[in-house]
Amino acid sequence: MNTNHPFSITVILVFLGTATLYAINAYGVTNDSLDVNLNSIYLKNRSQKDFGILSEIILQLPYPISETAKKTGQGPFGGITYIDNKTLTTTDTQLASVFGVGRIYYSTSVPGETPYTFIPYLTFYRGLFIDYKGPVGPAAQGKISTWFAPGFMYAYRFDKKLALHLDMELYSYSKILNNRARAGFSYTPKWPIIISASYERVSWDLNENIKGNDFFMMGDSREYSAKIIIRDPPNGNFSLILGYGALRNAAVPVFFKQREIDSKGRFFGIEASAGVLAW
């Protein structure tokens, strides 16, 4: 899949996602009692020095699979039409992104009845994509495909205002260092305002033989951020993000000098979503 046109994809996702909102509200899977992020439409853009805009897009229709899940919110539910795309790195010469299709979740408790929320999930197909355009060596494109990649969302609510959050996802079984982890806290001083602080780390390592040439791209992103969320699930959420990020990416055909970019600095970002944006 060519991921060079995130904004074109955004337009399609927004159009499709808007058509699913009524069904989501009817099922009630996304409600105020959830302390994890579960959105039908999710859009994020953030800046990073020496790189382009890093974007993330999610579209899904959460629906209950069992009668218990439909009535109580506890049990299996799926992300029908689920699709996501996250830009890991983007420059004039290097692009890396991760793409997912299809997802099934399992809610281990009834939302709002316990202080904790734990929702493991499987993404049916997960792909890591690379695109290298020079300036040395031939252009190269490649991918690593993984079926049924696991992840989970966890939250523990201390009281009505303060909650702990932890999300983790594996991108590849063959290289377990290809993963994403995020941890933080959320504080609700007065509804509908939420203030959150978090740390996120994403790593990628792709080795490909492309047209007879060995090629690799590897990197990691680490960001510390704080944001203010205006939350109104399931109708819509909006947030402003301020943070400090460190992003490194290296790409090279093995017979040429390595091309590495290492960036550190402040960044700004925005999020918009329909559903629950808890932190």
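Bear in mind that the values here come from a model prediction, so they are computed numbers and not experimental data.

### A few points about the side chain of Asn178
Okay, so step 1: As for its position among the elements, Asn178 is in the loop between β7 (162-170) and β8 (179-190).
Okay, so step 2: Assessed through its relative accessible area of 0%, Asn178 is described here as buried.
Okay, so step 3: Those residues in contact with Asn178, other than ones at most four positions away along the chain, are Leu128, Ile144, Leu170, Tyr171, Ser172, Ser203, Trp204 and Asp205.

### Considering the packing of aromatic side chains
Okay, so step 1: By the definition in use, this model includes 8 aromatic pairs.
Okay, so step 2: Taking 5.3 Å as the distance between ring centres and 70° as the angle between the ring planes, the aromatic pair formed by Tyr156 and Phe158 counts as edge-to-face.
Okay, so step 3: By the ring-pair criterion, three or more aromatic residues cluster together here, those being Phe77, Tyr105 and Tyr121.
Okay, so step 4: Stacked on the ring of Phe267, the Lys or Arg Arg46 has its end atom at 4.1 Å from the ring centre.
Okay, so step 5: Sitting over the face of the ring of Trp279, Arg182 holds its NZ or CZ atom 3.7 Å from the ring centroid.

### Digging into the nonpolar core
Okay, so step 1: In this structure, Leu34, Val36, Leu38, Phe77, Tyr105, Ile119 and Met153 are the most contacted members of the largest nonpolar core, which totals 18 residues.
Okay, so step 2: Listed by contribution, the elements that provide at least two residues to this core are β1 (38-46), β3 (75-90), β5 (116-132) and β6 (140-157).
Okay, so step 3: Here Tyr105 is in contact with Leu38, Gln60, Gly75, Pro76, Phe77, Gly78, Gly79, Tyr82, Ile119, Pro120, Tyr121 and Met153, once residues within four sequence places are set aside.
Okay, so step 4: Counting 14 residues, the second-largest nonpolar core is a separate cluster that includes Leu88, Ala96, Ile130 and Phe215.

### Some points on unusual backbone geometry
Okay, so step 1: With an omega dihedral of 10°, the bond running from Trp191 to Pro192 counts as a cis peptide bond.
Okay, so step 2: With respect to the helices and strands, Pro192 occurs in the loop between β8 and β9 (193-210).
Okay, so step 3: One non-glycine residue with positive phi stands out, namely Phe148, at about 60°.
Okay, so step 4: Position of Phe148 among the secondary structure elements: in strand β6.

### Notes on the environment of Ile195
Okay, so step 1: By the element assignment, Ile195 lies in strand β9.
Okay, so step 2: Judged by relative accessible area, which is 40%, Ile195 ranks as partly exposed.
Okay, so step 3: On a C-alpha basis, the gap between Ile195 and Lys161 in space is 10.0 Å, while along the polypeptide they are 34 residues apart.

### Description of the pattern of salt bridges
Okay, so step 1: All chains considered together, the criterion is met by 15 salt bridges.
Okay, so step 2: Between Glu223 and Lys44 there is a salt bridge, with the nearest N and O atoms lying 3.6 Å from each other. With a gap of 179 residues between them, Glu223 in strand β10 (residues 213-232) and Lys44 in strand β1 connect regions that are remote in the sequence. Lys44 shares its class with Glu223; the two are buried.
Okay, so step 3: In this structure, Glu169 engages Arg126 in a salt bridge whose closest nitrogen and oxygen atoms are separated by 2.5 Å. Placement of the pair is Glu169 in strand β7 and Arg126 in strand β5, with a sequence separation of 43 residues.

Conventions and cut-offs
- Residues numbered from 1 in each chain as written.
- Predicted model: local features only at pLDDT ≥ 70, side-chain atom pairs only at ≥ 80, totals over all residues.
- Heavy atoms only, no water.
- Helix = DSSP H or I, 4+ residues; strand = E, 2+ residues; numbered from the N terminus.
- Buried < 20%, exposed > 50% of the residue type's maximum accessible area, 1.4 Å probe, protein only.
- Contact = heavy atoms within 4.5 Å.
- Phe/Tyr/Trp six-rings, centres within 6.5 Å; stacked < 30°, edge-to-face > 60°.
- Lys NZ or Arg CZ within 6 Å of the ring centre and 35° of its normal.
- Core = buried A, V, L, I, M, F, W, Y, C linked by side-chain atoms within 4.5 Å.
- Salt bridge = Lys/Arg side-chain N within 4 Å of Asp/Glu carboxyl O.

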